[in-house]
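Residues per chain are reported as follows:
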Amino acid sequence: MSASDYDAELDARGLFCPEPVMMLHNRINDVEPGGILRVVATDPSTTRDIPRFCQFLGHELVSHQESDDLFIYLIRRAE
């Protein structure tokens, strides 16, 4: 995945619930509607919290990958 695949990034590595989602709530507003935010986290609770965040606020969870101890999400901001 290259930087051209997303418009902005949130590095939430080393943070624990609820910090990643709180930061996501602020950072998604920096992305234009329809734009993609890449989130990188190390907290396993993000596998539950980020999909719920997207569902609740109408954002699209484009992809979710787990690699070693990293959780990587691509989120399309709602229009």
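Everything here concerns the structure above.
Model, not experiment: these values are computed from the prediction. (Residues numbered from 1 in each chain as written. Predicted model: local features only at pLDDT ≥ 70, side-chain atom pairs only at ≥ 80, totals over all residues. Heavy atoms only, no water.)

Novice: Is there a simple way to think about the pairing of strand E3 (residues 60-67) in this case?
Specialist: A regular strand places its side chains so that they alternate between the two faces of the sheet. As defined by bridge partners, E3 adjoins strand E4 (residues 70-76) across seven bridges and the pair is classed as antiparallel. Bridge pairing in E4 places His64 opposite Tyr73. Remark: two residues form the turn of the hairpin made by E3 and E4, two consecutive strands paired antiparallel; Asp68 in that turn has positive phi of roughly 55°. (Pairing = 2+ DSSP bridges. Helix = DSSP H or I, 4+ residues; strand = E, 2+ residues; numbered from the N terminus.)

Novice: Just to check I follow, could you spell out the pairing of strand E1 (residues 8-12) for this structure?
Specialist: By the alternation rule, side chains of E1 split into Ala8, Leu10 and Ala12, which are all buried, and Glu9 and Asp11, of which none is buried. Bridge analysis of E1 against strand E2 (residues 36-41) gives five bridges, and the strand direction is parallel. Residue pairing across strands places Glu9 opposite Arg38, the latter belonging to E2. Traced from E1 through helix H1 (residues 19-27) to E2, the parallel crossover comes out right-handed. (Buried < 20%, exposed > 50% of the residue type's maximum accessible area, 1.4 Å probe, protein only. Right-handed = clockwise from strand over helix to strand, strands pointing away.)

Novice: Would you mind going over the environment of Tyr6 with me for this structure?
Specialist: Relative to the elements of secondary structure, Tyr6 occurs in the segment before E1. In this structure Tyr6 comes out as buried when scored by relative accessible area, which is 15%. C-alpha separation for the pair Tyr6 and Ile36, spaced 30 residues apart in sequence, amounts to 4.8 Å.

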